[in-house]
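Survey of secondary and tertiary structure
Here are the chains, one letter per residue:
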Amino acid sequence: MKHYKPLAWMMAIAMASTVTTACSSDSYEPEKPFTTCPPEKVTFYACGIGQPDTRSANDAQSVLFTEDDIEWLDVTTREIKFRDMDEPLYKRLEPFHEIKFCLGDNELFVVSSFVGDWDSRVFTNLVLHYDVISDPGQGHYYLHDCYPLQFIGTDEVKANIKKNAGQWELFTYYLESKGKLK
């Protein structure tokens, strides 16, 4: 009876490995098997989450931007370039305390805040940073692991980077599949 348990584990591993093989149906590249397959018609979007003590927290979450609003993401600098919108994005973001990034029905991660160069608060988790100082007259958005960046080496920030690593990888993989990585 004790020999059946290792056999059951080996069968489960063998079945799992056959399920996580290549997902590309139009490509014959057996040397590059994929381990994850994004579901069909999955869309990325970001919702604003209001502060708990304000009326907006009880309102329905607002979609701030979708994958269609993103031109590209530079993985090295983490700059995210948005298309021109009717209303500037920074104005849409200001009333929200947090921003939830979602892929289909799944939450990827929550950006702890939208911050600008004028912000004097310290954040040790992901932020959407609006930079207007480095290039006056032209605002740039960055997804940073903390704000200000001088706190990147702290243990708390390192732990949050590690915690968000899988979701960040899925996020960049999805944008790459849409041709939006720079």
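So, here is what we can say about the structure in this document.

Rules and cut-offs
- Every chain is numbered on its own, with residues counted from 1 as its sequence reads.
- Local features are withheld for residues below a pLDDT of 70 in this predicted model, meaning they are given only at 70 or higher, and side-chain atom pairs are given and counted only at 80 or more; totals for whole chains, interfaces and linings count all residues.
- Computation of side-chain values covers all heavy atoms of the structure but excludes hydrogens and water.
- DSSP calls a pair of strands paired once it identifies at least 2 bridges connecting them.
- Working definition: helices are DSSP H or I runs of at least four residues, strands are E runs of at least two. Numbering for both runs from the N terminus.
- Note on geometry: axes are C-alpha line fits, over the in-contact stretch for helices, and angles between N-to-C directions span 0 to 180 degrees.
- Here a helix's expected span is defined as the number of its residues, less one, multiplied by 1.5 Å.
- Each residue is placed in one exposure class: buried if its accessible area under a 1.4 Å probe, protein chains only, is under 20% of its type's maximum, exposed if it is over 50%, and partly exposed if it falls in between.
- It only takes one pair of heavy atoms within 4.5 Å for two residues to be counted as in contact.

A separate point is the sheet that holds strand 1 (residues 44-49). Reading across the sheet, the four strands line up as 2-1-5-6 and stay open at both edges, with antiparallel pairing between neighbours. Each end of this open sheet is capped by a strand with a single partner; those strands are strand 2 (62-66) and strand 6 (106-111). Each neighbouring strand pair of the sheet contributes to a mean axis angle of 30°, computed without reference to strand direction. In the sheet, strand 1 pairs with strand 5 (residues 98-103) via six bridges, with the strands oriented antiparallel.

Taking 1.5 Å per residue as the helical rise, helix 3 (residues 155-177) with its 23 residues ought to reach 33 Å, and the 33 Å between its terminal C-alpha atoms agrees with that figure. Within helix 3 the residues assigned to the buried category are Val157, Asn160, Asn164, Trp168, Phe171, Thr172, Tyr174 and Leu175. Packing partners of the buried residues in helix 3 comprise strand 1, strand 3 (70-73), strand 5, strand 6 and strand 9 (140-144). Two residues or fewer after helix 3 comes Gly179, characterised by a positive phi angle close to 75°.

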